[in-house]
Amino acid sequence: MFFESEGLDHQGYCFRPPSEAYSILFQATLGCSHNKCTFCNAFKYKRFAIKDMGIWEKDMAFAEKYCKRQKRLFVMDGDALIMPMRKWEWLLGNIRQRLPWVERVAVYGNAKGVALKSDEELARLRGMGLSLIYYGIESGHPDVLKDIRKGADPEKLVEQARRLKKAGFALSVTVILGLAGREKEKSYGHAVETGRVLSAVDPDYVGALSLMLAEDAPIYERVRSGELVLPEGVDFVQELGLMFAHTQLSNGWFMANHASNYLTIKAHLPEDREPTMRRIAAALNGRIALRDEWMRAL
Ligand code: SF4
């Protein structure tokens, strides 16, 4: 979800998860250090950088004065977890001292950013107050991960996510329906392998999004040339059903309540498995209407 705002220093289009809508949005970095995922146009026009400390200080002073009602803080942009420890120490130390009412600090992270931190450093970040990591998995299928240039294979995604969990972070992961295209066999593989990876990670939250095509995202060219045929509404729901059926969480939410989805589901696993499978089946049988195309948005 992107926005532009006044007050805190926000450069260019900014993105945050829907659940951070009321958070203090502290833009510590610009862009994404990876910036290669083919479905993502979020930071195409921004070069990755850590913002000047003078701007950090001004933003902290602004938050100290004007953000007293906001109990959550989200550190932007796309993979700010990758910042060096001395930057995190400044940021988390200042949040603790100057914004003591903030109860939750969250950030986007990817496998590369996690791999660059030792277990000890992750534990230190957790101890200093960073508590929730939004972690992009997108797919559990090695071919799909290669195609979308995620920069990590399934094993690396699982390994780094588990390190986050071991350090005590709450983990919210995203997966993207439709990434393998419409072809039955590929869609099946994407759904099943993603369910397998989700089960291995066992996160606190899973957010399933449906692929929406942006003309300036590299994947657009594959679609335009006919190399990748996108699924249609009911195909997305079929894929969602398969992925859900192959996902075992010990105590976590599986949600497909993003505006891009054709069918909304919100299930706490393991107990909501059966009713959710019935809901998906009802949608596939036409007994529950899918969201109209014009209503889908990011
Ligand atoms: S890591 Fe995230 S922000 Fe960066 S290019 Fe990939 S999807 Fe986009």
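So, how was this worked out
Residues numbered from 1 in each chain as written. Predicted model: local features only at pLDDT ≥ 70, side-chain atom pairs only at ≥ 80, totals over all residues. Heavy atoms only, no water. Pairing = 2+ DSSP bridges. Helix = DSSP H or I, 4+ residues; strand = E, 2+ residues; numbered from the N terminus. Right-handed = clockwise from strand over helix to strand, strands pointing away. Buried < 20%, exposed > 50% of the residue type's maximum accessible area, 1.4 Å probe, protein only. Polar contact = N/O pair within 3.5 Å; in protein donor to acceptor, adjacent residues only side chain to side chain. Contact = heavy atoms within 4.5 Å. Salt bridge = Lys/Arg side-chain N within 4 Å of Asp/Glu carboxyl O. 1 Å grid on protein atoms, 1.4 Å probe; cavity = no way out; pocket = protein on both sides within 12 Å on 5 of 7 lines; lining within 4 Å. Points joined across faces, edges and corners; volume = space filled by probe spheres on them. Expected span 1.5 Å × (residues − 1).

Visitor: So what exactly am I meant to see when it comes to the pairing of strand S10 (residues 205-210) here?
Guide: Where strand S9 (residues 170-177) lies against S10, six bridges are found, and the strand directions are parallel. Looking at S10, one finds that Val173 is bridged to Val206. Following the chain from S9 across helix H7 (residues 184-201) to the adjacent parallel S10, one finds a crossover that is right-handed. As judged from the three bridges shared by S10 and strand S11 (residues 252-256), these two strands associate in the parallel manner. By the bridge assignment for S11, Tyr205 is matched with Trp253.

Visitor: Sorry, what's going on with the side chain of Arg163 here?
Guide: Of note, Arg163 is situated in helix H6 (residues 154-166). For Arg163, a relative accessible area of 16% translates into the label buried. Side chain to side chain, Arg163 and Gln160 meet in a polar contact 2.7 Å long. Excluding anything up to four places from it in sequence, Arg163 contacts Val114, Ala115, Lys117, Ser118, Asp119 and Leu122.

Visitor: Can you walk me through the pattern of salt bridges in this structure?
Guide: On inspection of all chains with the given rule, the structure shows 14 salt bridges. Put simply, Arg98 and Glu57 hold a salt bridge, and the shortest N to O gap is 3.0 Å. In this pair, Arg98 is assigned in helix H2 (residues 85-98) and Glu57 in helix H1 (residues 53-66), connecting sequence segments 41 residues apart. A salt bridge links Glu221 to Arg224; its shortest N-O distance comes to 2.7 Å. On the criterion of helical spacing, the pair formed by Glu221 and Arg224 is a turn pair, its members being three residues apart in helix H8 (residues 219-224). Judged by relative accessible area, which is 42%, Glu221 ranks as partly exposed. By relative accessible area, which is 55% here, Arg224 ends up exposed. Linked through salt bridges whose partners overlap, the residues forming this network are Glu57, Glu64 and Arg98.

Visitor: Sorry, what's going on with the layout of surface pockets here?
Guide: A water-sized probe rolled over the atoms picks out the places where empty space is left. Taken as a whole, the second largest pocket spans an internal volume of roughly 260 Å³. In this structure, the second largest pocket is lined by 14 residues; those nearest its centre are Asp147, Ala180, Lys186, Arg222 and Leu228. The biggest single contributor to the lining of the second largest pocket is helix H5 (residues 142-147), with three residues.

Visitor: Can you walk me through the environment of Thr174 in this structure?
Guide: Take Thr174: it is sitting in strand S9. On the basis of relative accessibility, which here comes to 29%, the residue Thr174 falls in the partly exposed class. For the pair Thr174 and Lys51, spaced 123 residues apart in sequence, the C-alpha separation works out to 26 Å. Each residue touching Thr174, except ones within four places of it in the same chain, is listed here: Tyr135, Gly136, Ile137, Glu138, Gly207 and Leu209.

Visitor: Honestly, helix H9 (residues 233-245) in this entry has me stumped. Any pointers?
Guide: Given 3.6 residues per helical turn, the α-helix brings residues three or four places apart onto the same face. In this model H9 runs 19 Å from its N-terminal to its C-terminal C-alpha over 13 residues, within 8% of the 18 Å that 1.5 Å per residue would give. Taken residue by residue, H9 has Gly233, Asp235, Phe236, Val237, Glu239, Leu240, Gly241, Met243 and Phe244 as its buried positions. Packed against the buried residues of H9 are S9, H7, S10, S11, strand S12 (265-269) and helix H10 (273-284).

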